[in-house]
Amino acid sequence: MATIFWAGDSTVQYNDILTFPQTGIGQVMNLFLKPEVRVENHAKNGRSTKSFIDESRLTPIYDKITAGDFLFIQFGHNDEKKEDPTRFTEPFSTYMENLETFIRVAKDHSAYPVLITPLERRCFMDEKHLGIGAHSDYVAAMKQTAEKNNVPLVDLYSMSRMELKKAGEKNSRRWYMFFPEGEYKNHPEKSEDNTHLRYDGAVNFASLIARGLRELGGIYADMLLDDMNL
């Protein structure tokens, strides 16, 4: 039985009732996977490639991952925080070097690394048009890393931008932590968070990752449920 180990940030992490209705992509990924495929989610709110490594969050993955498992690697949101030296990485140097550290952990154990570009934020300029994405340099750097290391990549960034454009500003609010005051009992205050996801958003963007895995084919497609309409 293969296990997907997930390293990432708040867009991926597992949430409980304390952060409800926030939901991470890794939390719902099992909806698209065959029953025998496990997900072990090590993603954590606020982490970058640098802080994830510096806090030894990669160590339990290193200790547990085995031949035939998968390591999904999705970072970018927090690597771009120039104001925070504990998290910031330069896209075309330290970010790429850190991604290679994750890749080596998988390859050293005969597991399969998969790079996943960061999810786009709701960065609408008007009802239908998105601004220039803040993650663009990190997306380009991740693509270069994938090519350099011969590692498969799922371009969630580009796919999520297309989904946002199709939905438009108002309709896409339901995917993110963007809601009026009083909608949730344990989160009674208004929220206009354009980064973190609710359940519908997590499922929608997980489906894009599943689509990307199907397009990769082979062992990556084999972990998915059969006959899904992606």
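Residues numbered from 1 in each chain as written. Predicted model: local features only at pLDDT ≥ 70, side-chain atom pairs only at ≥ 80, totals over all residues. Heavy atoms only, no water.

Draft legend 1. Spatial organisation of the overall build of the chain. Within the chain, the secondary structure is distributed over eight helices and seven strands. Against the 2.2 N^0.38 benchmark of 17 Å for 230 residues, the chain shows a C-alpha radius of gyration of 17 Å, consistent with a compact globule. Along the first, second and third principal axes, the C-alpha set of the chain runs to 50 × 45 × 35 Å. Among the 230 residues that make up the chain, the fraction classed as buried is 56%. (Helix = DSSP H or I, 4+ residues; strand = E, 2+ residues; numbered from the N terminus. Rg over C-alpha atoms; globule rule 2.2 N^0.38 Å. Buried < 20%, exposed > 50% of the residue type's maximum accessible area, 1.4 Å probe, protein only.)

Draft legend 2. Just the pairing of strand β6 (residues 176-179), in detail. Residues Tyr-176 and Phe-178 line one face of β6 and the alternating positions Met-177 and Phe-179 line the opposite face, and both faces are buried. The pairing of β6 with strand β7 (residues 191-197) spans three bridges and is antiparallel. Across the sheet, residue Phe-179 finds its bridge partner in β7, namely Ser-191. (Pairing = 2+ DSSP bridges.)

Draft legend 3. Representation of the sheet that holds strand β1 (residues 3-7). Strand order across the open sheet formed by five strands is β2-β1-β3-β4-β5, with parallel pairing between neighbours. Two strands close off the open sheet at either side, each with one partner strand: β2 (38-41) and β5 (153-154). Strand direction decides the pairing type here: strand β3 (residues 70-73) and strand β4 (residues 112-116), joined by four bridges, are parallel. Looking at β4, one finds that Leu-71 is bridged to Pro-113. The strands touched by helix α5 (residues 136-149) within the sheet are β3, β4 and β5, with β4 carrying the most contacts at an inclination of about 155 degrees. (Contact = heavy atoms within 4.5 Å. Axes fitted to C-alpha atoms, helices over the stretch in contact; angles between N-to-C directions.)

Draft legend 4. Highlighting the packing of helix α4 (residues 94-108) against α5. Interhelical geometry of α4 versus α5 gives an angle of 40 degrees and a closest axis separation of 10 Å. Relative to α5, the element α4 is oriented oblique. Our pair here, α4 against α5, has a crossing hand that is right-handed. For the pair α4 and α5, contact is made by Tyr-95, Met-96, Leu-99, Glu-100, Ile-103 and Lys-107 and by Tyr-138, Ala-141, Met-142, Gln-144, Thr-145, Lys-148 and Asn-149, respectively. Here the contact of α4 with α5 is built from residues that sort into seven nonpolar, three polar and three charged. (Parallel < 35°, antiparallel > 145°, perpendicular 65-115°, else oblique. Left-handed = near helix turned anticlockwise from the far one by under 90°. Nonpolar A, V, L, I, M, F, W, Y, C, P; charged D, E, K, R; others polar.)

Fair warning: the whole summary comes from geometry, so function is off the table for now.
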